[in-house]
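Here are the chains, one letter per residue:
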Amino acid sequence: MTTTPTTPLTEKQTTSVIKRQKTIGYAAHSPETPLAPFSFERREVGPRDVQIDILYCGVCHSDLHTARNEWQNTIYPVVPGHEIVGRVTKTGNEVTKFKTDGLAAVGCMVDSCRTCASCREGLEQYCIPGFTGTYNSEDKILGGVTYGGYSKTIVVDEDFVLRLPENLDPAAAAPLLCAGITTYSPLWHWNVGKGSKVGIVGLGGLGHMGVKLANAMGAHVVLFTTSEHKKEDGKRLGAAEVVVSKNQAELDKHLESFDFILDTVSAAHDINLYMALLKRDATLTQVGAPEVLNVSPFSLIMRRRSLAGSLIGGIKETQEMLDFCGKHGITSDIEMIPIQKINEAYERMLRSDVKYRFVIDMASLEK
Ligand code: NAP
Ligand code: ZN
Ligand code: ZN
């Protein structure tokens, strides 16, 4: 998810003094056209920058929403991708945390104002003037817009680069950079742990990470899915119970019983069905971003329930999530694809036909 920051360029950052280098990627040029090869420029490494050769990039439903302008904020051409894992190829002379040849990761943000109340608390995702998204944001250094991870290389300030635990498979760890943090952050924030009964709605990229993470935090996890055939997978991934949400009688068995529900669904659906399953004073947090969400006031009023939202997670928290995943051996269940299959992957994602995250093998870009 991206915002359009408004902070003006400082003199130091004016585009004329920044050296540029060419790279390649895949871009959407309009909502209707398939993604296709695209040449563009990155900045040369500055003193605090890390240059990364991208090995793997996860495919988030937000990439699709943006490529097709479903949130009406896309600036074309857009190079999506914010679940990035790669190898460091160059570092600026002030960089201390990364070394050439090591692995590094980049998520949904590449910069923020760093001075507002949110940034000072490590909540860069809620940066008041707006963070710089990995793609489709104003590029305050080069001018134009930022381009994401469906590409060969990326150059990022080290403060926005993450360390990958060594025991995790780099391809399967890529989706942690968005799907992982977007589910981890609200689960922590709303105190999910031992003794909590937690519902996860939707078993896609975010949902399957939510199930794994809530289970690792010690919760009793109930998965709600519209896909009958995902029942067994739900249990394998860590759900104690799986409810096929099309069946009202099955939903009714859980009325007023949840401490917390995380809704990851990407399309319009009836959220009131899930609000009714919350205990008094409990919260349903929406992370899925369909164009509209209809909630009845009575879903909230009758049991003093809360409906909340949550956006990815801060940089410090993202590192904590990666370390948590390293400690618990958690990665994403992935299907690796060459970049040439990205348009097909989008269609399959829309049909909920992915187990449970597509990851692009970026070596395919050279072919
Ligand atoms: P995804 O892999 O496509 O998963 C979405 C899941 O939602 C599907 O697998 C399906 O699960 C369920 N679903 C789809 N259509 C549905 C419908 N019509 N009715 C009910 N359920 C439906 O997508 P994702 O990458 O996990 O992303 C999910 C959403 O989160 C997207 O809107 C994305 O933009 C948003 N997102 C938000 C943030 C944030 O910071 N808040 C970050 C990343 C992504 P079942 O088959 O199990 O029903
Ligand atoms: Zn994402
Ligand atoms: Zn800020």
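Residues numbered from 1 in each chain as written. Chains lettered and ligands numbered in written order. Predicted model: local features only at pLDDT ≥ 70, side-chain atom pairs only at ≥ 80, totals over all residues. Heavy atoms only, no water.

A. Main features of the site of ligand 1. Residues in contact with ligand 1 amount to 31 residues; listed here are only the nearest, Thr225, Thr226, Ser227, Lys230 and Arg357. Taking Leu203, its main chain carries an N or O atom lying 2.7 Å from an oxygen atom of ligand 1. Between ligand 1 and the protein, one listed contact pairs a nitrogen atom with a backbone N or O atom of Val287 at 2.9 Å. Across the complex, the protein chains shield 91% of the 920 Å² of accessible surface that ligand 1 would expose by itself. Put simply, the parts of the chain that give the shell around ligand 1 at least two residues each are α1 (61–67) and α5 (205–216). The element contributing the most residues to the shell around ligand 1 is α1, with 3 residues. Classifying every residue of the shell around ligand 1 by side-chain character gives 14 nonpolar, 15 polar and 2 charged. Here the shell around ligand 1 spans two domains, since at least three of its residues come from each of domain 1 (11–176 + 333–366) and domain 2 (179–309). (Near = heavy atom within 4 Å. Polar contact = N/O pair within 3.5 Å; in protein donor to acceptor, adjacent residues only side chain to side chain. Areas by Shrake-Rupley, 256 points an atom, 1.4 Å probe, with all protein chains shown as cover. Helix = DSSP H or I, 4+ residues; strand = E, 2+ residues; numbered from the N terminus. Nonpolar A, V, L, I, M, F, W, Y, C, P; charged D, E, K, R; others polar. Domains from an automatic or database assignment.)

B. Inspection of the pairing of strand β9 (residues 197–201) at higher detail. The buried fraction of β9 amounts to 5 of the 5 residues, a majority that puts the element mostly inside the structure. Here β9 shows two buried faces, one formed by Lys197, Gly199 and Val201 and the other by Val198 and Ile200. Sheet topology places β9 next to strand β10 (residues 220–225); 5 bridges connect them, and they run parallel. Residue pairing for β10: Val198 is matched across the bridge by Val221. In this region the chain leaves β9, passes through α5 and returns to the parallel neighbour β10; the handedness of that crossover is right-handed. Relative to strand β12 (residues 258–263), β9 is paired through 4 bridges, and the arrangement is parallel. Paired with Ile200 across the strands is Leu262, a residue of β12. (Buried < 20%, exposed > 50% of the residue type's maximum accessible area, 1.4 Å probe, protein only. Pairing = 2+ DSSP bridges. Right-handed = clockwise from strand over helix to strand, strands pointing away.)

Nothing here speaks to function; it is all geometry.
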